[in-house]
Amino acid sequence: MESLPENYESPMIGRRIGVYELTEELGRGGMGIVYLANRVDGEFRQTVAVKLIKRGMDTDLILKRFRRERQITATLDHPNIAYFLGGGSTEDGLPYFVMEYIEGKPLYQFCNDNKLDIKERLQIFRQICEAVEAAHQKKIIHRDLKPSNILVKPDGTTKLLDFGIAKVLDCNLNETEIDTTATAMRVMTPEYASPEQISGEHISNSSDIYSLGVILYEILTGHRPYRLKRQVPHEVVRIIQEEMPLPPSVTNSDAEMEIEDLSFISQEGNLFAELQHSRETSISNPNIKDLDKIVLKALNKNSARRYKSAAEFAEDITNYLENRPVKAESVYVETVAIKKRRKKSVAILPFKIIGAESSKNTDDIFLGIGLADALVSRLSGVRRLIVRPTSSVLPFAEENPIEAGKKIGVNFILDGTIRRVGDRIRVSVQLLSVGENSARWAEKFDEKFTDVLELEDSISEKVAKVLLPQLTGRERRRLEKRGTNNTQAYQAYLRGRYFANQFTDEALLKSIQCYNEAIEIDPDYALPHLGIADFYIWSSVFGELPSQNAYPKAKEYIQTALSIDDSLGEAYALLAFVTLLFDWNWSEAERLIKRALELNPNNHFAHECYSNFYSTQGIFDEAYDEIRQAEELDPLSPRAKLMTSWTFYQGKDFKQGIAKSEQANEMKSDFPQGLMHFGNSLAHFGRAKEAVEALSKGILLWRNSAMAKYMLCYAYAAEGQIEEARKIVNELLENAEKGHVKPYFIAMAFAAIGENDEAFKWFEKAIAERNEWMVWFGTDPKLDTLRKDVRYRIF
């Protein structure tokens, strides 16, 4: 409805139309004006709304459209649609019609004034769906669904208005039908129109479903799904036809989501934040991501993939409200596609060392990889950039940069060389556009070896400005932030990162030495503390250290890092991992994960941790979404493939688990972890013999891993070789007498050979040790045979 000038008084006020006297103008739209009116014929008292044609708009086309709207309104009879009370012609011969007067507020104003929560807003929205379904049952497509056409009465009853550009599919109602496509294009509100509607293509009921999706998106998030900076027709068509909106649940944490028209932002902000904070656990409350699925199904570009009807849309809202599974499918593919379009991706190749002598110098080697890794960390702080982790880039260090960029799957690649001359380093850097096969920026630096921190400052700042010319103040502060101002501490940390990226036992021990050296030089340097915490965590996960010894130390180092710098997203991700695996506190783990993703939404490990959070509770659709996002952010890391394989295994999708582990093994030959995950899923897929071969080879390569051995027990049992499995159990027991073997691994081995009494005894020990692997006790397929045992329920 159009807004009226202050103190405006219509000349129609006081005029009698039929048995009604006009007392107040309520609003005006494209062709009509609605007045408040009272019945004055003395028969009875009644307050109504009367709709008239605007002065000067009584053309044949408008008259036909108005009569058509009147006929449509007269046909509809539903409690959530404004009731038609009659009509006629004025003394001037112009048509009018009378509707019930609704004492209510526009949709968004009602929601915000009454501070409605998610549940209450969904109950309101469900009524709108029911009103639209009633119209569709009469073969009427509204075509102009928007918040201003929806009023809500004080008791929460919604009323749908204005069928001025509706399309009628029933030939019996089509006596006054005209070709309104062009007119509808002019008067409709493009922000709520479907892709097919905005491009002038054939429309169906599905177009209204799309508009309902936009309305739901807005009442949940406080803003519309699209950013229409200019109302230029071709730009509007392009955005609505091509750009998929972000899922509603992530827009609250997306600081780069720019909204130009602030007039339609909800006063209450994003309701998802309220819902997230109000949830005590993910088990007892509806899943936020189900709302993402519902909204994005309605907003699908392909009309055939939306809800088939408004009734089906309303039914899925009911499913959500009543904690039942929703019918809408996963939104992962659309989510990742949006992130790709909205954010620029970059990979940083290890800097190549020039000079035969320098290539043998360990300091130069670690500088080449360490500097690249440090730049990855620095640039990852810019939320609008997706920076590939070093683990995904290292295999392509010697390839042509453009070809490497294509394989890594990024828009840009940073390539550089280092030449050391005495106490100086000469660095040449170029930022290449992979798609254009050209350089966007190149520069040379000549610094003292002791000024490597300033070198990192300069490179990161200039790369960011080339990719994002308009840096926000927050982005600039993140880029300028150093972990330390001490060059020696920084160089020690770079050496630690160099060794950590090799991921061998010997190299990991060297990394700890380097991190400790960095901390000794600068105790207020946060990142080395995280490096040590990472070492303790994975040493425990893989069975090298007892959980109760490793995790408290890891937590201590993480908390020290956060006391130094509480803006480190990677610190919150690690703390969430510890909280989940050792503290077994799911709600606190989720809070920490969300904080990590708020600080850096492109942190692949945070998404991996979120996947673990979901899968340990048996919520696998969400677990798959998160682990796929983690893999998408670190696509060429064998480890990322294995984490996806593990998640599919937990969800009993063994075929996918095998496929992902095969991808990891193709990336890295003689990969013990890859062989372990490969055999783990094979044993459940009717390929026990292959599982035995893979796991046996993995054990030889991985220092007799107890984790791989318990999996081999299952493979032997699946093949019918119980005695071979029993030998492994005895071997694990012997090793436990000599040193540390995780009780969980021994318990699993006993379960494999069917000795449940011994299995439960060792599971009790695992609980006493607070063994991290117990988080999988509720989902691991290997324990299906134990789940009927009353002792399992006690656990």
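Rules used in this analysis
- Residues numbered from 1 in each chain as written.
- Predicted model: local features only at pLDDT ≥ 70, side-chain atom pairs only at ≥ 80, totals over all residues.
- Heavy atoms only, no water.
- Pairing = 2+ DSSP bridges.
- Helix = DSSP H or I, 4+ residues; strand = E, 2+ residues; numbered from the N terminus.
- Contact = heavy atoms within 4.5 Å.
- Axes fitted to C-alpha atoms, helices over the stretch in contact; angles between N-to-C directions.
- Buried < 20%, exposed > 50% of the residue type's maximum accessible area, 1.4 Å probe, protein only.
- Phe/Tyr/Trp six-rings, centres within 6.5 Å; stacked < 30°, edge-to-face > 60°.
- Lys NZ or Arg CZ within 6 Å of the ring centre and 35° of its normal.
- Core = buried A, V, L, I, M, F, W, Y, C linked by side-chain atoms within 4.5 Å.
- pLDDT = per-residue confidence, 0-100.
- Parallel < 35°, antiparallel > 145°, perpendicular 65-115°, else oblique.
- Left-handed = near helix turned anticlockwise from the far one by under 90°.
- Nonpolar A, V, L, I, M, F, W, Y, C, P; charged D, E, K, R; others polar.
- Arc of directions from axis to C-beta.
- Polar contact = N/O pair within 3.5 Å; in protein donor to acceptor, adjacent residues only side chain to side chain.

Draft legend 1. Spatial organisation of the sheet that holds strand β4 (residues 47-53). With antiparallel pairing, the six strands of this open sheet are ordered in space as β1-β2-β3-β4-β6-β5. One side of each edge strand has no neighbouring strand; the edge strands of this open sheet are β1 (16-17) and β5 (84-89). As judged from the seven bridges shared by strand β3 (residues 32-39) and β4, these two strands associate in the antiparallel manner. Directly across from Gly32, in β4, lies its bridge partner Ile53. The strands that helix α1 (residues 60-75) touches are β4, β5 and β6 (95-100); relative to β6, the one it contacts most, it runs at about 30°.

Draft legend 2. Examining the environment of Glu403 more closely. For Glu403, the location among the structural elements is in helix α15 (residues 401-408). For Glu403, a relative accessible area of 36% puts it in the partly exposed group. The spacing of Glu403 and Val434 is 31 residues in sequence and 8.0 Å in space, taken between C-alpha atoms.

Draft legend 3. Spatial organisation of the packing of aromatic side chains. All told, the structure shown has 28 aromatic pairs when counted by the stated rule. Ring centres of Phe84 and Phe97 lie 6.2 Å apart, and the angle between their planes is 35°; on these two criteria the pair is classed as tilted. In this pair, Phe84 sits in strand β5 while Phe97 sits in strand β6, placing the two residues 13 residues apart along the sequence. You can call Phe84 partly exposed: its relative accessible area is 25%. For the ring pair Phe577 and Phe605, a centre distance of 5.2 Å and an interplane angle of 70° mean the geometry is edge-to-face. With Phe577 in helix α22 (residues 569-583) and Phe605 in helix α24 (residues 604-615), this residue pair connects regions lying 28 residues apart in the sequence. Grouping residues by exposure puts Phe577 and Phe605 together as buried. One aromatic cluster in this structure is built from Trp646, Tyr649, Phe654, Tyr710, Tyr744, Phe745, Phe760, Phe763, Trp773, Trp776 and Phe777. Between the NZ or CZ atom of Lys765 and the centre of the ring of Trp762, over which it lies, the distance is 3.8 Å.

Draft legend 4. Layout of the nonpolar core. With 142 residues, the main nonpolar core has Phe351, Ile537, Ile558, Tyr744 and Phe763 as its most contacted residues. Considering every element that reaches this core, the biggest residue donor is α22, with 11 residues.

Draft legend 5. Representation of the sheet that holds strand β10 (residues 158-160) within the structure. Strand order in the open sheet made by the three strands is β7-β9-β10, with antiparallel pairing throughout. Two strands lie at the open edges of the sheet, namely β7 (105-106) and β10, each paired on one side alone. Of the strand pairs in this sheet, β7 and strand β9 (residues 150-152) are connected by two bridges, and their pairing is antiparallel. Bridging across to β9, Lys105 finds its partner in Val152. Across the sheet, helix α3 (residues 118-137) lies against β9 and β10, angled at about 35° from β10, the strand it touches most.

Draft legend 6. Focus on the confidence of the model for the protein. Summarising the model, the protein shows a mean pLDDT of 82, and 84% of its residues fall at 70 or more. Ranking the helices and strands of the protein by mean pLDDT puts helix α21 (residues 547-564) first, with 96, and helix α9 (residues 271-278) last, with 40. A low-confidence stretch, residues 175-187 stays under pLDDT 50, and its non-local contacts, those more than four residues away or across chains, total 18 contacts. Across residues 332-341, confidence stays below pLDDT 50; counting only partners more than four residues off in sequence or on other chains, it has 23 contacts.

Draft legend 7. Main features of the packing of helix α31 (residues 722-738) against helix α32 (residues 743-752). Between α31 and α32, the shortest axis-to-axis distance is 10 Å and the interhelical angle comes to 160°. Comparing their axes, α32 and α31 come out roughly antiparallel. Like other packed secondary-structure pairs, α31 and α32 cross with a definite hand, here left-handed. Contacts between α31 and α32 involve Val729, Leu732, Leu733 and Ala736 from the former and Phe745, Ile746, Ala749 and Phe750 from the latter. Residues of the contact of α31 with α32, tallied by class, amount to eight nonpolar, no polar and no charged.

Draft legend 8. Broad picture of α15. For α15, the set of buried residues is Pro401, Ile402, Ala404, Gly405 and Ile408. Seen end-on, α15 carries its buried residues on one side only, within an arc spanning 160°. For α15, the secondary structure elements touched by its buried residues are β12 (344-348), α14 (390-393), β15 (412-421) and β16 (424-433). The N-capping residue of α15, defined by a side-chain oxygen 3.0 Å from the backbone nitrogen of Ile402, is Asn400. The first or second residue beyond α15 is Gly409, which carries a positive phi of 80°.

Draft legend 9. Geometry of the environment of Ile17. Along the chain, Ile17 turns up in strand β1. Sequence-wise, Ile17 and Thr90 are 73 residues apart; in three dimensions their C-alpha atoms are separated by 6.3 Å. Among residues more than four places away in sequence, those in contact with Ile17 are Leu22, Val50, Leu52, Thr90 and Tyr96.

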